[in-house]
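# A structural walkthrough
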Amino acid sequence: MADIDKQALRERQKHIRNFSIVAHIDHGKSTLADRILELTDTIAKRDMQAQVLDDMPLERERGITIKLNAVELHYTAKNGETYIFHLIDTPGHVDFSYEVSRSLAACEGALLLVDAAQGVEAQTLANVYLALDDDLEIVPIINKVDLPSAQPEVVKEEIEEMIGLDASDAILTSAKTGLGVPEVLERIVSDIPAPSGDLDAPLKALIFDSVYDAYRGVVLAVRIEDGIVQVGDTIELMSNQKRYEVTEVGVMSPKAVQKDYLMVGDVGYITAAIKTIQDTRVGDTVTLADNPADKPLDGFRQITPMVYSGLFPVDNAKFNDLREALEKLQLNDAALEFEPETSQALGFGFRVGFLGLLHMDVVQERLERDFDLDLIMTAPSVDYQVDKTDGTTITIDNPAELPDSSEVKEIREPYVKASIMVPNDYVGPVMEIAQRKRGEFVTMDYLDKYRVNVIYNLPLSEIIYDFFDQLKSSTKGYASLDYEVTGYRASDLVKMDILLNGDPVDALSTIVHKDFAYDRGHNIVAKLKETIPRQQFEVPIQAAIGTKIIARSTVKAYRKNVLAKCYGGDITRKRKLLEKQKAGKKRMKAVGSVEVPQEAFMSILKMNEDDSRGK
Ligand SMILES: Nc1nc2c(ncn2[C@@H]2O[C@H](COP(=O)(O)OP(=O)(O)OP(=O)(O)O)[C@@H](O)[C@H]2O)c(=O)[nH]1
């Protein structure tokens, strides 16, 4: 380190600003980021393809950012000095709230961007609360002031009332025309503090993201909290003590630019021939093997799957393709877990663990779109601990595996501590939903005049169904939800089987609370009746607990043969009809003698409020 001028580095540290943009979808985050990149000459106008920060096509479509990204920009301020900005992007959904919290932990400030016509919306609040928790300096910006429907003054009041933030000096911008953006840059310099870490302390770097690269291995996105790291150093990941030699360090600007070192306050990347992303957990601390930090950074949480679902190829011959596709996705997704599963009804497939329902949707969509697989996915489940009468305890994440009730002594399900933050007008509806979902009220804190944090203990299985949707719809979208598994509790749970044509279909089994079994049984049977098309014969649908049938319905047989109409007639029409039928069957799976469409396996998720209410 002798050749490094420490005084110059300390001077440099004072000129670093690390921030992210907190905004609701569509309020203009990517457009503003683009303007900032343009104004700082990070990217020439003519090179601007689409927006740079979201580089996955799926993200554009879903309107969320799944993988994190950080760019370094250089800005010469009006005071004549040049500053180093690191703009860190954050994903925007409850499944990824831990990743968001780690990205925000890498920043000293956040730009709060609110659409001048739409005002403050739910997801904005969730992330603003995370930012406030991390003590970030927040710079309010009201965007899209060029719109005729813009009401910046009203939005200012909203920011003050709903977030409790002084918005009198909010910057008015149009990311579209560029109006106000120069002021944003100046305010980043003046309002957001420089990073405060210690250059001379042992290395402490926060991993806030990681991606797999076929040539370089895992690329760690890091924020250096203390010290310095250079090529050739041996780093240690503090959660698992794994050691690696650093092969490259650098920053994204927006393409990767190699550097000699990363120092305190820097946000950049490290590569060290790390083979699996599973070793590099977000929130972990990187230190130096020969001069380690005495303790890791706060806030590390080992993230594990919470929701499990069976994934089966419609065409059984595609099993190996599905395995390869999952392996590829896993390279870049530390939270994805899977193992082979066999279902009597659906054949060979995989039991896959996800962070939550959105994560599940994203994985399913990638498999279908990027890997061209047709899949049947079973209803999501949590994992259960089962004490058997023979004294053993097993963990199951698949309802079909629950032993016969005569062998079961106790079933425990995961419980979460859920924090629901809402403007105080909505506390009533929130409590009503939580209560209905077997919630146990813990406490309620007024965060300030306008915001309440309501805390409930809730069974995770109730959350993964439609809790979030219900919460959103009954609070006009303003509620934010964060949850953490706190442990397992014994509950009065039973397995509900579904029989089609008299045969139980393992992939449709669910575990339900006894009080809800009857209603859910009726509901699922009704939903199945709607989704299963008529066949050549009558199909009875039954819901059963053990040998007891609790609900039943019947899909009637076809009245007419589709082809009957074209009897002796036009052969092209006949072929067209057959082709149409074939396409419709694409996502059907023959279960015994019954053709079952994909939606049927998700019927349990389609409960409406009243159906899931215990009577
Ligand atoms: N009129 C007007 N439109 C804007 C402005 N800023 C962004 N937009 C438009 O608003 C839409 C959403 O902008 P984005 O920048 O993609 O929003 P985002 O917040 O990044 O959205 P996601 O990437 O989907 O999260 C786009 O059609 C933009 O062109 C603005 O200042 N004025």
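Residue numbering note: each chain is counted from 1, following its sequence as written. Owing to the predicted nature of the model, reporting of local features is limited to residues with pLDDT of at least 70; listing and counting of side-chain atom pairs is limited to 80 or more, with chain, interface and lining totals taken over all residues. Only hydrogens and water are removed before side-chain values are computed, so all heavy atoms of the structure are retained for them.

### Points about the pairing of strand E25 (residues 451–459)
- Working definition: with a 1.4 Å probe on protein chains only, accessible area under 20% of the residue-type maximum means buried, over 50% means exposed, and in between means partly exposed. Numbering of helices and strands runs from the N terminus, with a helix taken as a DSSP run of H or I at least four residues long and a strand as a DSSP run of E at least two residues long. Buried residues dominate E25, accounting for nine of its nine residues.
- Alternating residues of E25 divide into Arg451, Asn453, Ile455, Asn457 and Pro459 and Val452, Val454, Tyr456 and Leu458, and every residue in both groups is buried.
- We treat two strands as partners when DSSP finds at least two bridges between them. Pairing of strand E23 (residues 408–423) with E25 involves nine bridges; the strand directions are antiparallel. Counterpart to Val422 in the pairing with E25 is Val452.
- The pairing of strand E24 (residues 440–446) with E25 spans six bridges and is antiparallel. Each bridged residue has a counterpart across the sheet, and for Thr443 the counterpart in E25 is Ile455.

### Points about the UniProt feature "binding site: GTP" (unreviewed entry) in the protein
- UniProt positions are given in the numbering used here, feature names are shortened, and annotations may be inferred rather than shown by experiment. Within the UniProt annotation, "binding site: GTP" (unreviewed entry) is assigned to Asp26, His27, Gly28, Lys29, Ser30, Thr31, Asn143, Lys144, Val145 and Asp146.
- With respect to the helices and strands, the residue His27 is situated in the loop between strand E1 (16–23) and helix H2 (29–39).
- Among all residues touching His27, those that are not within four sequence positions of it are Leu113, Val114, Asp115, Gln118, Gly119, Glu121, Asn143 and Lys144. The contact definition used throughout considers only heavy atoms, calling two residues in contact when any of these lie within 4.5 Å.

### Description of the nonpolar core
- Ranked by size, the top nonpolar core spans 86 residues in total, and within it Leu112, Ile159, Ile163, Leu367, Ile463, Leu471 and Leu481 carry the most contacts.
- Aside from chain neighbours lying at most four places away, what touches Leu471 is Ile420, Val430, Ile433, Ala479 and Leu481.
- Joining through side-chain atoms within 4.5 Å is the link that ties buried Ala, Val, Leu, Ile, Met, Phe, Trp, Tyr and Cys residues into a set, and such a set is a nonpolar core. Leu346, Leu508, Ala517 and Ala543 belong to the second largest nonpolar core, which has 29 residues in total.

### Thoughts on helix H10 (residues 427–436)
- Looking at H10, one finds that the buried residues are Val427, Val430, Ile433, Ala434 and Arg436.
- The elements touched by buried residues of H10 are E23, E24, E25, helix H11 (460–474) and helix H12 (514–531).
- Backbone geometry just downstream of H10 places Arg438 in the positive-phi region, at approximately 65 degrees.

### Examining helix H9 (residues 357–370)
- The end-to-end C-alpha separation of H9 is 19 Å, in line with the 20 Å expected for 14 residues at 1.5 Å each.
- Those residues of H9 that fall on the buried side of the exposure criterion are Leu358, His359, Met360, Val362, Val363, Gln364, Arg366 and Leu367.
- Just downstream of H9 lies Asp372, where phi reads positive at about 55 degrees. Expected span, for any helix, means 1.5 Å times one less than how many residues it has.

### Structural notes on empty space enclosed by the protein
- Any residue with an atom within 4 Å of a point lines the site, the site being either a cavity, points on a 1 Å grid over the protein atoms alone where a 1.4 Å probe fits but cannot get out, or a pocket, an open set with protein on both sides within 12 Å along at least 5 of 7 lines. Grid points are joined across faces, edges and corners, and a volume is the space filled by probe spheres set on the points. One pass over the full model with this rule turns up one cavity of 30 Å³ or more.
- Taken as a whole, the largest cavity spans an internal volume of roughly 40 Å³.
- Tyr384, Glu413, Arg438, Ser461, Glu462, Tyr465, Leu493, Ile511, Val512, His513 and Arg520 are the residues that line the largest cavity.
- Secondary structure elements with two or more residues in the lining of the largest cavity: H11 and strand E29 (510–513).

### What about the sheet that holds strand E4 (residues 109–115)?
- One open sheet holds the six strands; their spatial order is E2-E3-E1-E4-E5-E6, and the pairing between them is mixed. Two strands close off the open sheet at either side, each with one partner strand: strand E2 (70–76) and strand E6 (171–172).
- Two elements, E1 and E4, share five bridges in a ladder whose sense is parallel. When the sheet's bridge partners are listed, Phe19 is paired in E4 with Gly109.

### Here's the deal with the packing of aromatic side chains
- Stacked, edge-to-face and tilted labels apply to pairs of Phe, Tyr and Trp rings (six-membered ring for Trp) whose centres lie within 6.5 Å, assigned for plane angles under 30 degrees, over 60, and everything in between, in that order. Using the criterion set out here, one finds six aromatic pairs in the structure.
- Ring centres of Phe19 and Phe85 lie 5.7 Å apart, and the angle between their planes is 85 degrees; on these two criteria the pair is classed as edge-to-face. Separated by 66 residues along the polypeptide, Phe19 in strand E1 and Phe85 in strand E3 (residues 82–88) bring together distant segments of the chain.
- Here the aromatic rings of Phe338 and Phe350 are separated by 5.6 Å at their centres, their planes lie at 90 degrees, and the arrangement is edge-to-face. Of this pair, Phe338 sits in strand E18 (residues 337–343) while Phe350 sits in strand E19 (residues 347–354); the two residues are twelve residues apart in sequence, bridging distant segments of the chain.
- Members of the aromatic cluster, joined through ring pairs, are Phe319, Phe338, Phe348 and Phe350.
- In this analysis the charged atom, NZ for Lys or CZ for Arg, is taken to sit over a ring once it is within 6 Å of the ring centre and within 35 degrees of the ring normal. Against the face of Tyr415 rests Arg489, its NZ or CZ located 4.2 Å from the ring centre.

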